[in-house]
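Per-entry structural report
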Amino acid sequence: MPPIAPGRRRAWIWRCFAAAVFGAALILGPLTEYGPADKLFAACLLLTCAAALLLATGRVAFSLLTSGLVFGTISLAGTLKFAYLTTPLLAPDLKYFVNRETIEVLARYPPLLAASIAAAVALPLLPTLALLAERDGLMPDRPRGERRCARLVGTFAALMLLSACAMPEGPFRAVFNKPMWVTINDRSFVTNFFTSFNDTQIAEPAIPAGVDRSIDWRLDRPLRAPPQKPDVIAVLQESTFDPRILRLCTVPACRYRMFERDRRTRAGGLLNVHTFGGGTWTSEFAFLTGLADKLFGNAGLYAPYNLAPRVSFTLPRAFAAAGYRTVAIYPVTGDFLNARNAYALYGFDAFHDGSDYGLGWESSDADLLSVFRQVYAKEKAEHPDRPLFVFMLTLHQHGPHMTPLALLPAPFDQPLFPGAFTPRKLDEWLNLNIGNYLERLRQSDAVLAELERFVLDRRLPTVLLHFGDHQPSFDGAIQVIPKKLPRGAGPNSSLVTYFMLKTNYPIPLRADHTVTDIVYLGSLLLESAGVPRNAFYQANSLLRERCKGRYLDCIDTRILASYHDYLFNRLDVLRDE
């Protein structure tokens, strides 16, 4: 047998190495995706990418190695980011995470830093070496013209197939447009990375022809303000709603003071939100910007990434313009869903996350209150001459609600509604979840009462708002529980939570609506604090009054169209990038 030439030996070594890398990328990437559709989608992308490179270059090792390394890196990056930062790699990360802050985050996690350095070196170096080690060996026995023509057609066909696979309306349409909570939790790292490119394309609301531009969106009434600028405290209560909207929830364990009006209440009641069972970040966006994520299509689900850098008007900036110091208290790491960057873009002066104070997914509302006291005292000591706007998020009500009832205190240690549901397994499941929810709600009620005493039982003027970001889902089973809501609450009972706004000084508010949309909470806070409202929040206040607290389901579509035209075409609420 004649000896193998060194050049051919080197080429075969690279081909074997490339095949191993490609195989590992396929097995550990696409084939580990969540479901059959995701597996097939990711595998087709990998295979068509390799085919296109092979037909274009004629180099086996280069094609297998390049495609394997790229897809392997995406899969590995998604796995590591999910493990350390609790969210997978998504398309916006390429833009919003390539900065100095990301390097600082990587430096805190040595395995993440090592993997990033290895990828940065291997991605350009290994394919280059493979390219130099191998000659074009595809169809060597065919005439040059025929070979070039066939490969050109083949490359074009592979690229067309790749494009078809990646199209939202193509053969893999089922893997696109997943709910955001599924996207960040199903561990289909390759699929979710590529489909997120489509989901981040922002679409502004369409303004109908003949929109009425004669409607005035400027407030001309005098500002009512307390003698001293009040501190303003807003609390987002995770997965919280008034359980009395459930028809069966009439027992004493369903009644809590946090939902009751008293002499300090200025507004409160049912709140319409735009998400169910998850998606807290969309409620954060609606509260802090006065805009609904649904206005922007699927891209709205990525608001902390792609909308936060572009919004022109935010609640923190409105308070800052009046001399306030704006502070956020976030219960988990600020790396979660780009929160730290998003909150800076929303206009917060200070951002305290769970990493700063040892908070996490298991932290109770009492833990958050303890951190609030520390942060509040620190801010008042360091900035004694500035009023504060503090926004805090709780987490204890986050699902799952599955602690065995026997481990809960009475009366939650027994099913509260035995036999209320059929079949028996559903009855056990819902009683388990409802019992857990109500037991945690009792803790929240006690903590909010303590917070009220802390901030309202004093001479310093203070505004306190707390509201629910969305209903819990109980894995979807809450949908079978009949609800009782006023007729004017809107068509979707799953999008109703609560809000309560109190002050320790008298201030009249025009806010007695059957239901109030979450986008109006910001203007209510500004009005109750006596803070001048800019053009956006003036229009927001007027829409609240003209649509009687409703927003996207406003009965007067002429008014709503005029409002959106004013926002997007005159105020430019969404800046160009």
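Structural data are supplied above this passage.
Our subject in this report is the structure included herewith. Not measured: the values here are computed from a predicted model. (Residues numbered from 1 in each chain as written. Predicted model: local features only at pLDDT ≥ 70, side-chain atom pairs only at ≥ 80, totals over all residues. Heavy atoms only, no water.)

Helix and strand counts for the protein chain come out as 19 helices and 8 strands. The C-alpha extent of the protein chain, read off along each of the three principal axes, is 100 × 60 × 50 Å. The contacts of the protein chain with a sequence gap of at least 6 include a subset with a gap of at least 24, amounting to 78%. Per element, the accessible surface of the protein chain, about 25,400 Å² overall, is 60% carbon and sulfur. Put simply, the protein chain has 61 plus and 53 minus side-chain charges, and the middle of one group is 3 Å from the middle of the other. (Helix = DSSP H or I, 4+ residues; strand = E, 2+ residues; numbered from the N terminus. Contact = heavy atoms within 4.5 Å. Areas by Shrake-Rupley, 256 points an atom, 1.4 Å probe, with all protein chains shown as cover. Lys, Arg positive; Asp, Glu negative; His and termini not counted. Charge placed at Lys NZ, Arg CZ, Asp CG, Glu CD.)

Here we take up the packing of aromatic side chains. Given two aromatic rings, their pairing is described by the distance between the two centres and the angle made by the two planes. One pass over the full model with this rule turns up 31 aromatic pairs. Pairing tyrosine 343 with tyrosine 346 gives two aromatic rings, centres 5.8 Å apart and planes at 70°, and the pair type is edge-to-face. Of this pair, tyrosine 343 and tyrosine 346 both sit in helix α13 (residues 339-346), 3 residues apart, roughly one helical turn. Looking at tyrosine 343, the relative accessible area reads 1%, which means it is buried. Lying over the aromatic face of phenylalanine 454, arginine 373 brings its terminal NZ or CZ to 4.4 Å of the ring centre. Looking at arginine 546, its charged tip hangs above the ring of tryptophan 217, at a distance of 4.6 Å from the centre. (Phe/Tyr/Trp six-rings, centres within 6.5 Å; stacked < 30°, edge-to-face > 60°. Buried < 20%, exposed > 50% of the residue type's maximum accessible area, 1.4 Å probe, protein only. Lys NZ or Arg CZ within 6 Å of the ring centre and 35° of its normal.)

Our next topic: helix α17 (residues 521-529). Extensive coverage of α17 is indicated by the burial of 9 of its 9 residues. Looking only at α17, the buried set comprises Leu521, Gly522, Ser523, Leu524, Leu525, Leu526, Glu527, Ser528 and Ala529. A positive backbone phi angle near 70° is found at glycine 530, which sits one or two residues after α17.

On the surface, Leu113, Ile117, Val121, Leu125 and Leu129 cluster together into a nonpolar patch covering about 400 Å² of accessible area. Inspection of the secondary structure puts valine 121 in helix α6 (residues 110-133). (Patch = residues over 30% accessible without salt bridge, like charges linked within 9 Å, V, L, I, M, F, W, Y side chains within 5 Å. Salt bridge = Lys/Arg side-chain N within 4 Å of Asp/Glu carboxyl O.)

Overall, the coordinates contain 3 cavities of 30 Å³ or more when judged by the stated rule. In this structure, the largest cavity encloses a volume near 60 Å³. As for the largest cavity, its lining consists of Trp281, Glu284, Phe285, Pro304, Tyr330, Leu337, Ala339, Ala342, Tyr343 and Tyr346. Mapped by element, the contributors of at least two residues to the lining of the largest cavity are α10 (280-289) and α13. Tallying contributions element by element places α13 first for the lining of the largest cavity, with 4 residues. Its residues assigned to classes, the lining of the largest cavity shows 9 nonpolar, no polar and 1 charged. Its boundaries defined by the atoms lining it, the second largest cavity holds a volume of some 50 Å³. Lining the second largest cavity are Val235, Gln237, Asp365, Leu368, Leu369, Met392, Thr394, Val447, Leu448 and Leu451. Put simply, the parts of the chain that give the lining of the second largest cavity at least two residues each are β1 (231-237), α15 (365-382) and α16 (424-456). Broken down by class, the residue content of the lining of the second largest cavity amounts to 7 nonpolar, 2 polar and 1 charged. (1 Å grid on protein atoms, 1.4 Å probe; cavity = no way out; pocket = protein on both sides within 12 Å on 5 of 7 lines; lining within 4 Å. Points joined across faces, edges and corners; volume = space filled by probe spheres on them. Nonpolar A, V, L, I, M, F, W, Y, C, P; charged D, E, K, R; others polar.)

In this section: the state of the cysteines. Here the structure, examined in full by the defined rule, presents 2 disulfides. Note on cysteine connectivity: cysteine 249 is disulfide-linked to cysteine 254, with sulfurs 1.9 Å apart. Disulfide cysteine 249-cysteine 254: the torsion about the S-S bond is -80°, which places it as left-handed. On the basis of relative accessibility, which here comes to 3%, the residue cysteine 249 falls in the buried class. By relative accessible area, cysteine 254 is classed as buried at 0%. In this model cysteine 547 forms its disulfide with cysteine 554; the gap between the sulfur atoms is 2.1 Å. Sign of the S-S torsion, about -80° for the bond between cysteine 547 and cysteine 554, identifies this disulfide as left-handed. By relative accessible area, cysteine 547 is classed as buried at 5%. Under the relative-accessibility criterion, cysteine 554 is labelled buried at 6%. Listing the disulfide partners of the protein chain by sequence rank of the bonded cysteines yields 1-2, 3-4. (Disulfide = S-S within 2.5 Å.)

This part covers the pairing of strand β2 (residues 265-272). Burial analysis of β2 places 7 of its 8 residues in the buried class, which makes it a mostly covered element. With 7 bridges connecting them, β2 and strand β7 (residues 496-503) associate as antiparallel partners. In the sheet register, glycine 269 faces β7, and the bridge partner there is phenylalanine 499. Looking at chain direction, β2 and strand β8 (residues 515-517) are connected through 3 bridges and run parallel. Opposite leucine 271, over in β8, you have threonine 516 as the bridge partner. (Pairing = 2+ DSSP bridges.)

With 7 of 7 residues buried, strand β6 (residues 462-468) lies mostly within the body of the structure. The alternating pattern of β6 places Thr462, Leu464, His466 and Gly468 and Val463, Leu465 and Phe467 on opposite faces, both of which are buried. The sheet contact formed by β1 and β6 spans 7 bridges and is parallel. Paired with valine 235 across the bridge in β6 is histidine 466. Examined bridge by bridge, β6 and β7 share 5 bridges and lie antiparallel to one another. Looking across to β7, one finds that valine 463 is bridged to threonine 503.

Attention now moves to the environment of aspartate 220. With respect to the helices, strands and loops of the structure, aspartate 220 is situated in the loop between α9 (189-199) and β1. In sequence terms aspartate 220 and leucine 525 are 305 residues apart; their C-alpha atoms lie 18 Å from each other.

It is worth spelling out the packing of α17 against helix α18 (residues 535-546) at this point. As a packed pair, α17 and α18 sit with axes 9 Å apart at the nearest point and diverge in direction by 105°. Judged by the inter-axis angle, α17 sits roughly perpendicular to α18. Contacts between α17 and α18 involve Gly522, Ser523, Leu524, Leu526 and Glu527 from the first element and Tyr537, Asn540, Ser541 and Arg544 from the second. Classifying every residue of the contact of α17 with α18 by side-chain character gives 3 nonpolar, 4 polar and 2 charged. (Axes fitted to C-alpha atoms, helices over the stretch in contact; angles between N-to-C directions. Parallel < 35°, antiparallel > 145°, perpendicular 65-115°, else oblique.)

With that settled, the discussion passes to the nonpolar core. In this structure, Phe287, Tyr343, Phe389, Phe391 and Leu525 are the most contacted members of the largest nonpolar core, which totals 80 residues. Per-element accounting of this core gives the leading share, 6 residues, to helix α19 (residues 557-570). With residues near it in sequence (within four places) discarded, phenylalanine 391 still touches Ala234, Leu236, Phe287, Leu288, Val327, Ala328, Ile329, Tyr343, Phe348 and Phe467. With 51 residues, the next largest nonpolar core counts Tyr256, Leu408, Leu456 and Ile481 among its residues. (Core = buried A, V, L, I, M, F, W, Y, C linked by side-chain atoms within 4.5 Å.)

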